[in-house]
Amino acid sequence: MDGIIEASGKTVYPIIFPVNYSSLGSINCYIYQNRNEYTLIDAGIKGEEFEQFFYQKLSDYRIEMKQIKRIILTHFHEDHTGLVNKLTKEYSIPIYASQIAITRLKCEGEYLQQKLTFYQELYKQYGVTDFAVERLTKMENTLRNKEKVILQSAILQLEEGQQIGGLHVIAVPGHSPDSIGLLDKENGWLFAGDFLLASGMTNALIDHDEAGIIINPLMQYIESIEKVRHSSIQYVFAGHEAVFQNLDDVIEKSLSKTEYKLQKLVKKISEGHQTAQAIGEAIYGPRFAKHFIFIISEVIGLTLLAQERGIIERHWQEEQWIFQLKND
């Protein structure tokens, strides 16, 4: 059957759900068979259409849910966790994720309030609160109705270096702080979540650590790429877009794209665009407002990277951060 990959007594059954509302093109999850043991990696999105597609693929592959021994989540984003509550309600299947993901998926402690406070302060400091009203309102609603988003099942913790079902767990933060990859070392198969995409650089989304302190996602992303680039990977099973084999080319494309965007940002700052909004609009025009969440993450991440490298510096002026070249 098209798409199935087999080697050394192991098989990957891709579940590639096409979408037309996103540039990512598809929502992907995978069933990994290690001889007689089946693992579901990620669980797609909520909704009847995806659910029907998921069960149809299982039928096509002649796999029954009762054969699946576990579900592993590569990270906490909702387009990877959609069916979890439904599946675990109907079937007794353990769920696994990293500890950082568990905090978010279970909304442990004061996580949702911490998240809301973090982004309120972040957008205020970067002078873009007016663009963030819709997102902040959604966070407030989630805080009030968190029972609707919490994963109901217990989630078992995965740690870097752990082996589970024939897969080795590796921490690959960058797209999100909790991102993990799952590596079949024997075959060189990497289940990458959203850490690597066939088209190159993924979104390195601004987030915070357990203490509520901002994380530099691009630095994490670059470090994670360096971790896997010499791992003899034969296939990468990504959370979106196509399964791919040319990892070296994708890595070079991703790093080149990062450097290109960094230089473009530095150029805009040198031309006098000193606020996050001015920089974003100078680079993206009207798309800044339309795709605010992703573009502001990119702008903030690039400024943090440029500061880390000593290219620019920031100053507090008129109640927001402004940027200029280091030697200006």
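The structure presented is a predicted model; accordingly, all values stated were derived computationally and were not measured. (Residues numbered from 1 in each chain as written. Predicted model: local features only at pLDDT ≥ 70, side-chain atom pairs only at ≥ 80, totals over all residues. Heavy atoms only, no water.)

A. Summary view of the pattern of salt bridges. This model, assessed by the stated rule, comprises 15 salt bridges. Ionic pairing is found between Lys267 and Glu271, a salt bridge with its closest N-O pair at 2.5 Å. Judged by its relative accessible area of 48%, Lys267 falls in the partly exposed class. On the basis of relative accessibility, which here comes to 42%, the residue Glu271 falls in the partly exposed class. Put simply, Lys268 and Glu271 hold a salt bridge, and the shortest N to O gap is 3.8 Å. Lys268 sits in the buried class, given a relative accessible area of 17%. (Salt bridge = Lys/Arg side-chain N within 4 Å of Asp/Glu carboxyl O. Buried < 20%, exposed > 50% of the residue type's maximum accessible area, 1.4 Å probe, protein only.)

B. Representation of helix H7 (residues 247–270) within the structure. Compared with an ideal rise of 1.5 Å per residue, which puts 24 residues at 34 Å, H7 spans 34 Å between its outermost C-alpha atoms and is within 8% of the ideal. The inward-facing, buried residues of H7 contact helix H6 (217–228), strand S12 (235–238), helix H8 (276–284), helix H10 (292–308), strand S13 (312–317) and strand S14 (320–325). Phi for Gly272, located one or two positions after H7, is positive at around 105°. (Helix = DSSP H or I, 4+ residues; strand = E, 2+ residues; numbered from the N terminus. Expected span 1.5 Å × (residues − 1). Contact = heavy atoms within 4.5 Å.)

C. Here's a closer look at the side chain of Asp184. Relative to the helices and strands, Asp184 resides in strand S10 (residues 180–184). At a separation of 3.1 Å, a polar atom in the side chain of Asp184 contacts the main-chain amide nitrogen of Glu186. Leave out the neighbours within four places in its chain, and Asp184 touches Lys10, Tyr32, Gly166, Leu167 and Trp189. (Polar contact = N/O pair within 3.5 Å; in protein donor to acceptor, adjacent residues only side chain to side chain.)

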